[in-house]
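Observations on the three-dimensional arrangement
Each chain is listed here by its residues.
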Amino acid sequence: MIAPLSFGPVGIIDIGSNSVRLVIYGGTERVPSVLFNEKVMAGLGRGLRETGRMDEESMAMALDALARFQLIAKRIKVKRLRTVATAAVREAENGPDFLYAAAKMGLKPALISGEEEAVGAAFGVLSAIPEAKGMVADLGGGSLELAGIARGAIGAVDSLPIGVLRVGTPPDEDMISSHLERALKGMTLGKAAKGQGLYLVGGSFRAIAHLDLLSNKHPLPIAHQHQIDPARLDALEKLAEDADKSELVEKFWVPSQRAPQLPAGLAILRKLIETCEPSHVTVSAYGLREGLLYSELSDAKRQEDPLLAAALEVGRRLGRFGDHGALLDQWIAPVFTSDGKAMARLRLAACLLGDIAWNAHPDFRALRAVDQALHGNWVGVDAKGRAIIGRALFTAFGEDGEFDPQALTLLSKREIARAYAWGRAIRLAQRLSAGTDRLLRQTALKRQDDKVLLVMSEKKYRLYGLAVQKRHEQLAAALKLKAAVAFE
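Residue numbering note: each chain is counted from 1, following its sequence as written. Given that the model is predicted, a residue must reach a pLDDT of at least 70 before its local features are reported, and side-chain atom pairs must reach 80 or more before they are shown or counted; all residues, however, enter totals for whole chains, interfaces and linings. As a rule here, side-chain values come from all non-hydrogen atoms in the structure, and water together with hydrogens is ignored.

**Examining the overall build of the protein chain**
The secondary structure listing takes helices from DSSP runs of H or I that are at least 4 residues long and strands from runs of E that are at least 2 residues long, numbered from the N terminus. Counting secondary structure elements, the protein chain contains 22 helices and 13 strands. Two things to know: the radius of gyration comes from C-alpha atoms, and the globule rule equals 2.2 Å times the number of residues to the power 0.38. Computed over C-alpha atoms, the radius of gyration of the protein chain comes to 25 Å, within 12% of the 23 Å expected from 2.2 N^0.38 for 488 residues, which places it in the range of a compact globule. Each principal axis of the C-alpha distribution contributes one length, and for the protein chain these read about 85 × 50 × 40 Å. Among the 488 residues that make up the protein chain, the fraction classed as buried is 55%. Here the analysis covers contacts within the protein chain between residues at least 6 apart in sequence; of these, 71% occur between residues at least 24 apart. Summary of the burial criterion: residues with accessible area below 20% of their type's maximum are buried, those above 50% are exposed, and those between are partly exposed, where the area comes from a 1.4 Å probe applied to protein chains only. Any two residues having at least one pair of non-hydrogen atoms within 4.5 Å are treated as being in contact.

Structure follows, in structure tokens:
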């Protein structure tokens, strides 16, 4: 089983063309938790197309942010602080002046190339969506990075000067098309997304995802792994044009600084889809910063499932007696032999989280567990997967009322019934064992003919008290079977 170890705090300062951001990570190497996250929309790339230089006001704002970030990193006592600068600093005539000013503060910004930026973004997507296959598109203020990905590896990469601050207002569609066609037509990279996935990275694309989710009244408006239907682009473009800034911010969760850039982001997205012809378009919350961390991992560590690694870390931290989620899953698995690989993975995640709300008020344990499942900062899982895990935990923590009606719309009747049965099985195991490993190991749960059979030694017969019997019968009823016990 995955063995998470604390590796932080570590920090990354990302000096982009649009924003300057500090993120400090803790938790585990495979799926770092964000301890601190702050950005300043300095707009270093604004006006670069016309003048070839970063303007003095933007540079001053960025340097002020860097000074603050350095102080914060010291106070948090980060073990490592990595600073990278991208397109605007890379291309501006006064880029060296900016780097010199940052160096005088004690920072050592690494000026990464467009190709390195593309690789970092691709690693970020693979970290969060290991099965991703197609092309990564990382849209920033000054550039668009592209990378082919398949089977956990990165193929051809390119960097194009068509960031949201560069394409103009209204966006210069001819400029966008010419750069994309020159980079992609007839090239290996151009074929990467055809009939495969197009994976979107960057704040502008996430803003588009929120606009799509909330305008379409999605039951679980989380951008990561949200798929944007290209048929929605007309409606999104009209909404971005007609809605005022306050509506975009308050109703559709578009950051105020991103709102003016929505038309540019949508224009670039449309041309990407037209040029690349992907089968699906998926948003990733992970990008360059997470990719830099992921690139440092061993091959073995990269192979860990990001959802399960994170669920294990949370379960271990919030559970009463440490981690026993994997054992819990092994104990109930014989009753659910028809679960396919994807469902078995979600069942294991639910088991890893099966004790996370024990210290909440009894009337609100289920709600706390469901909130964690639905709204936790998970990767490696889509909205449906979140809802399945949440439905299981809702029952596991004793709630028999109505599960979140919006989340239920994401699930089929079969998925609802299966998650409910997992919850009943987890609830039985926790009552039988008092949440400990040892008693679970001394018993077994089986499916035998038309029975859910609980097996234990004769010496342990007193474990089968009335509360255990009740939960045993509830599990059997959920599976339309009979409850039986065997003493050996």
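**Focus on helix α8 (residues 203-215)**
A helix is expected to span 1.5 Å multiplied by its residue count minus one. With 13 residues, α8 should cover 18 Å at 1.5 Å per step; its first-to-last C-alpha distance of 18 Å lies within 8% of that length. Taken across its 13 residues, α8 has 11 buried, putting it largely inside the fold. What α8 keeps buried is the set Gly203, Ser204, Phe205, Ala207, Ile208, Ala209, His210, Leu211, Asp212, Leu213 and Leu214. Backbone geometry just downstream of α8 places Lys217 in the positive-phi region, at approximately 55°.

**Describing the UniProt feature "domain: Exopolyphosphatase C-terminal" (unreviewed entry) in the protein chain**
In the numbering adopted here, UniProt assigns the feature "domain: Exopolyphosphatase C-terminal" (unreviewed entry) to residues 339-477. The straight-line gap between the two end C-alpha atoms of residues 339-477 is 18 Å; of that span, 57% is helix and 9% is strand. UniProt positions are given in the numbering used here, feature names are shortened, and annotations may be inferred rather than shown by experiment.

**Concerning the sheet that holds strand β7 (residues 144-150)**
By definition, two strands form a pair when at least two bridges between them are found by DSSP. The mixed open sheet is built from five strands, whose spatial order is β8-β7-β6-β9-β10. Only two strands of the sheet have a single neighbouring strand rather than two, namely β8 (153-160) and β10 (280-283). Neighbour-to-neighbour, the strand axes of this sheet turn through a mean angle of 20°, independent of strand direction. Pairing of β7 with β8 involves six bridges; the strand directions are antiparallel. The partner of Leu144 across the bridge, within β8, is Leu160. Every angle, taken between N-to-C directions, lies between 0 and 180 degrees, and every axis is a line fitted to C-alpha atoms, over only the stretch in contact when it is a helix. With respect to the sheet, helix α5 (residues 114-128) is in contact with β6 (134-139), β7, β8 and β9 (197-201), its orientation differing from that of β8 by roughly 135°.

**Remarks on helix α15 (residues 325-332)**
By the criterion of burial, α15 is predominantly enclosed, with seven of the eight residues buried. Against α16 (341-352), α20 (413-433), α21 (437-441), β11 (443-448) and β12 (451-456) lie the buried residues of α15.

**Concerning the pattern of salt bridges**
Any Lys or Arg side-chain nitrogen located within 4 Å of an Asp or Glu carboxyl oxygen qualifies as a salt bridge. In the structure shown here, the tally under the stated rule is 27 salt bridges. Asp234 is the partner of Arg270 in a salt bridge, and the nearest nitrogen-oxygen pair spans 2.6 Å. Pair noted here: Arg270 is in helix α11 (residues 262-276) and Asp234 is in helix α9 (residues 233-242), with a separation of 36 residues, a long-range link. One salt bridge in this structure joins Lys271 and Glu274, with 3.8 Å as the shortest N-O distance. A residue pair is termed a helical-turn pair when its members lie 3 or 4 positions apart in one helix, as Lys271 and Glu274 do in helix α11 at three residues. What you see here is one network of salt bridges that share partners, running through Asp329, Asp339, Arg347 and Arg418.

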